[in-house]
Amino acid sequence: LLAMFWPELDEAHARAALRRSLYYLRTALGPDVIQSRGEDEVSAAPEEVWCDAVALAEALQSGELERALELYRGDLLEGLHVSGAPAFQDWLDRERGRAREAAARAAWSLANAAEQSRQPGAASRWGQRGFELTPDDEDVLRRLLALLDRVDDRSAALRVYEDYARRITLEYDLEPEADTRAVVEAIRTRPGRAQPAASPRASAPLDAGVLAVFPFDIRGSERLAYLGEGMVHLLSTTLDSIAEIRVVDPRALLAALPERRTGHLQVEQAREMAATFGAGLLLLGSIVEAGGRLQAGATLYGPSG
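Fair warning: this is a prediction, and the values are worked out from it, not measured in the lab.

Analysis parameters
- Residues numbered from 1 in each chain as written.
- Predicted model: local features only at pLDDT ≥ 70, side-chain atom pairs only at ≥ 80, totals over all residues.
- Heavy atoms only, no water.
- Helix = DSSP H or I, 4+ residues; strand = E, 2+ residues; numbered from the N terminus.
- Buried < 20%, exposed > 50% of the residue type's maximum accessible area, 1.4 Å probe, protein only.
- Contact = heavy atoms within 4.5 Å.
- Areas by Shrake-Rupley, 256 points an atom, 1.4 Å probe, with all protein chains shown as cover.
- Expected span 1.5 Å × (residues − 1).
- Polar contact = N/O pair within 3.5 Å; in protein donor to acceptor, adjacent residues only side chain to side chain.
- Phe/Tyr/Trp six-rings, centres within 6.5 Å; stacked < 30°, edge-to-face > 60°.
- Lys NZ or Arg CZ within 6 Å of the ring centre and 35° of its normal.
- Axes fitted to C-alpha atoms, helices over the stretch in contact; angles between N-to-C directions.
- Parallel < 35°, antiparallel > 145°, perpendicular 65-115°, else oblique.
- Nonpolar A, V, L, I, M, F, W, Y, C, P; charged D, E, K, R; others polar.
- Salt bridge = Lys/Arg side-chain N within 4 Å of Asp/Glu carboxyl O.

(A) Geometry of the overall build of the protein. Per the secondary structure count, the protein includes 13 helices and seven strands. Principal-axis analysis of the C-alpha atoms gives the protein an extent of 75 × 55 × 40 Å. Here the protein holds 305 residues, and 40% of them are scored as buried. Intrachain contacts of the protein at a sequence separation of at least 6 include 57% that bridge at least 24 residues. Here the protein has roughly 17000 Å² of accessible surface; of this, 52% comes from carbon and sulfur atoms.

What follows is the structure, given as structure tokens:
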């Protein structure tokens, strides 16, 4: 802790800063939450504090993979940055990557188990969840395409590929690797294989337990534009796993939006985009600035209304 948060101080001053921080924490949280053991160990009392990151690690260790994926709702401490503490930021980046990779491995373990037990729908769902967690890894994309091909969900394979190709073109001005294009071409042209449907909504199996949260339409000052995508991350984290709802990864959804569109989506446009993720629920909203105040509103749509 001393090296992470007070690297510029000598040990005596760093320890004094740590003692002040612990005093403030105990004042705010109660005297029994933060525990010390001698001069060298500090911990949070597990019986006093529940932490989703700790619960995630415990679920992974005990093999409760579905529970682990319910707990993983995005990057650890997403959006947090502590200036002047590069060691802490390095640690946080490593922990974020470690948790994300562990969640992805859990999703793929579930996908493999579902495929072996001849549950193609579950295999497809878990495989796509695994790719959502590592959306820039083209090796994982090819793995997903092969899985979707094997479980006879080839229309989903082609949609996943087209979404990925569109995203990396818009964001990085790149195209998929030759190996990936070859896999897709084999899926597309193999005799007797299904061709992609004209409409994603017509071909995607919609899940009424999956929700897609879209950027809010901002009406007012341009300085508030950041709230459009901000509401996606906030509500996705808040709503995920509430009443058994799973929310589409906000990063994957935002990346898949045509031209990174962040507002003014019509319901049918949003419904078609949600269908590419298998989401049967979608949330559209707006934020209006008037008289120095902000008013937010949202509407939840189901598969048919």
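(B) Representation of the side chain of Ser124. Of note, Ser124 is situated in helix 6 (residues 120–133). Excluding residues that lie within four positions of it along the chain, Ser124 makes contacts with Leu148 and Asp153.

(C) Spotlight on helix 11 (residues 226–239). Taking 1.5 Å as the rise per residue, helix 11 with 14 residues should run 20 Å; its terminal C-alpha atoms sit 20 Å apart, in good agreement. Contacts from the buried residues of helix 11 go to strand 3 (207–213), strand 4 (217–219), strand 5 (246–247), helix 12 (250–256), strand 6 (279–290) and strand 7 (293–301).

(D) Local environment of the side chain of Thr134. Note that Thr134 resides in the loop between helix 6 and helix 7 (138–150). Looking at Thr134, the relative accessible area reads 19%, which means it is buried. A distance of 3.3 Å separates the side chain of Thr134 from the backbone oxygen of Gly130, its partner in a polar contact. In this structure Thr134 touches Ala104 and Val140, once residues within four positions along its chain are discounted.

(E) Spotlight on helix 7. Its 13 residues place the ends of helix 7 18 Å apart at the C-alpha level, agreeing with the 18 Å of an ideal helix rising 1.5 Å per residue. Among the residues of helix 7, those classed as buried are Glu138, Val140, Leu141, Arg142, Leu144, Leu145, Leu147, Leu148 and Asp149. Where helix 7 is buried, its residues touch helix 5 (86–116), helix 6, helix 8 (154–172) and helix 9 (178–189). Just downstream of helix 7 lies Asp152, where phi reads positive at about 65°.

(F) Structural context of the packing of aromatic side chains. Applying the stated rule across the entire model yields five aromatic pairs. Cation over ring: Arg143 sits above Trp108, and NZ or CZ is 4.2 Å from the ring centre.

(G) Structural view of the packing of helix 6 against helix 7. Taken N-terminus to C-terminus, the directions of helix 6 and helix 7 make an angle of 170°; their axes are 10 Å apart at the nearest point. What the angle tells us is that helix 6 and helix 7 run roughly antiparallel. Of helix 7, the residues touching helix 6 (which contributes Ala123, Ser124, Gly127, Gln128 and Phe131) are Val140, Leu141, Leu144, Leu147 and Leu148. In the contact of helix 6 with helix 7, the residues fall into seven nonpolar, three polar and no charged.

(H) Here's a closer look at unusual backbone geometry. Not every positive phi belongs to a glycine, and Leu77 is a case in point at roughly 50°. You can call Leu77 partly exposed: its relative accessible area is 43%. The phi dihedral of Asp152 falls on the positive side, at around 65°, and the residue is not glycine. Its location among the elements puts Asp152 in the loop between helix 7 and helix 8. Of the residues examined, Asp152 reaches a relative accessible area of 53% and is grouped as exposed.

(I) Summary view of the pattern of salt bridges. Evaluated as defined, the whole model comprises 23 salt bridges. The salt bridge involving Arg150 is made with Glu115; its shortest N-O contact spans 2.6 Å. Note that Arg150 is positioned in helix 7 and Glu115 in helix 5, a separation of 35 residues in sequence. Residue Arg150 is classed as exposed on the basis of its relative accessible area of 51%. A relative accessible area of 25% places Glu115 in the partly exposed class. Among the ionic pairs, Glu175 bridges to Arg181, the shortest N-O distance being 3.3 Å. With a relative accessible area of 56%, Glu175 lands in the exposed category. Several salt bridges converge on common partners, so that one network encompasses Glu11, Arg15, Glu39 and Asp40.

Any functional reading would require information that these geometric values do not contain.
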